[in-house]
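Below, each chain spelled out in residue letters.
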Amino acid sequence: MTPPVLVTGSRGAIGSALISRLRAAGTPVRAASAAPEKLEVPEGVETVRLRLDEPGTFPAALAGVRQVFLYADPTRIDAFLADATAAGVEHIVLLSSSSVLYAGAEDNPIARRHLAVEQALTASDIDATLLRPGAFAGNAVGWAWSIRSTGTVQLPYPGTHASPIHQADVADAAFAVLTEPRLRGAAYHLTGPESLTAAQQIAVLGAATSREIAVETVSPETWKAAMSAYLDDATADALLGYFASYDGRPDTVTRGVEELTAHPARTFAEWAAENADTFRP
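Criteria and cut-off values
- Residues numbered from 1 in each chain as written.
- Predicted model: local features only at pLDDT ≥ 70, side-chain atom pairs only at ≥ 80, totals over all residues.
- Heavy atoms only, no water.
- Core = buried A, V, L, I, M, F, W, Y, C linked by side-chain atoms within 4.5 Å.
- Buried < 20%, exposed > 50% of the residue type's maximum accessible area, 1.4 Å probe, protein only.
- Helix = DSSP H or I, 4+ residues; strand = E, 2+ residues; numbered from the N terminus.
- Contact = heavy atoms within 4.5 Å.
- Expected span 1.5 Å × (residues − 1).
- Salt bridge = Lys/Arg side-chain N within 4 Å of Asp/Glu carboxyl O.

Talk me through the nonpolar core; I want residue IDs and the actual numbers.
Core analysis: the largest hydrophobic core is formed by 29 residues, its most contacted members being V7, F69, L190 and L260. Elements with a contribution of two residues or more to this core: β1 (5-7), α1 (13-24), β2 (29-33), β5 (91-95), α6 (167-179), β9 (187-190) and α10 (256-261). Looking at this core element by element, the count peaks at seven residues for α6. Those residues in contact with L260 that sit more than four places away from it in its chain are L131, A173, A176, V177, L183, Y188 and L190.

Structure representation (structure tokens):
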């Protein structure tokens, strides 16, 4: 009998999409979540409670598993890897971040957590494949309330570039490395197919929703104050530093998605068309 693939973060966009792909291919799947009773999974998919900060939930989730799709939570990563090794896990696919590739990653609160998990994995005896996506296209949902209510988005650096990647492409990449042994053991920098400024992304959303969306430039201090309910100071400062460094500077675009999946990366316009209702009043 084929062992199940353990998928962590099964309620997320990437985890849930990966589960559907694995199940459709006939691969047994165990969907893990802190709240498995809230999962909506395809028929035949096993569910299990797993919190990456609660080692007591690790053994049952890992029993009989040989491959894991893992979200980057460094809280108890050493305990998780010890239990994974004891359970006979052979391969872990980590959802990391391209932020680990940039200078000063050890001091960046966003990059640091991903880097810590990467380092723990590569020091273990388990084969590790590292997926390093850049900005997700879905991050644009953070603008949805403002677009719906005022038709305006306030930005500290409207000229900041990113190469937003569709979450479905990350799920496709994860499926590829979980089902093709020849792809294991490498690190893959994944991006969308084009570098776009924040203002250009908002224009794409305007086209998808058939409405004018204004961009208002605000000071970094004003933006940080507006985000204080959602971001701690360190994270907000790290994001502002990133925005400033890519203001007017095109982001890296890779062919990682195409190399793993044999199809071109989906465009931000495709994501916007699929999610247009999120931005309509």
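For α1, give the residues involved together with the corresponding values.
For α1, built from 12 residues, the straight-helix expectation of 16 Å at 1.5 Å per residue is met to within 8% by its first-to-last C-alpha distance of 17 Å. Of the positions making up α1, those classed as buried are I14, G15, A17, L18, I19 and L22. Check the buried side of α1 and you find it contacts β1, β2, β4 (67-71), β5 and α6. Trailing α1 by a residue or two, G26 shows a phi angle of about 85 degrees, which is positive.

Go over the pattern of salt bridges, please, and point to the residues and values.
When their charged atoms lie close together, side chains carrying opposite charge are able to pair. With the rule as written, the count across this model stands at 14 salt bridges. D73 is paired through a salt bridge with R113; the nearest N and O atoms lie 4.0 Å apart. On the criterion of sequence distance, the pair formed by D73 in the loop between β4 and α3 (77-87) and R113 in helix α4 (residues 109-123) is long-range, its members being 40 residues apart. Judged by its relative accessible area of 18%, D73 is buried. Here R266 and D172 are joined by a salt bridge, their closest N and O atoms 3.1 Å apart. Highlighted residues: R266 in the loop between α10 and α11 (268-274) and D172 in helix α6, separated in sequence by 94 residues.

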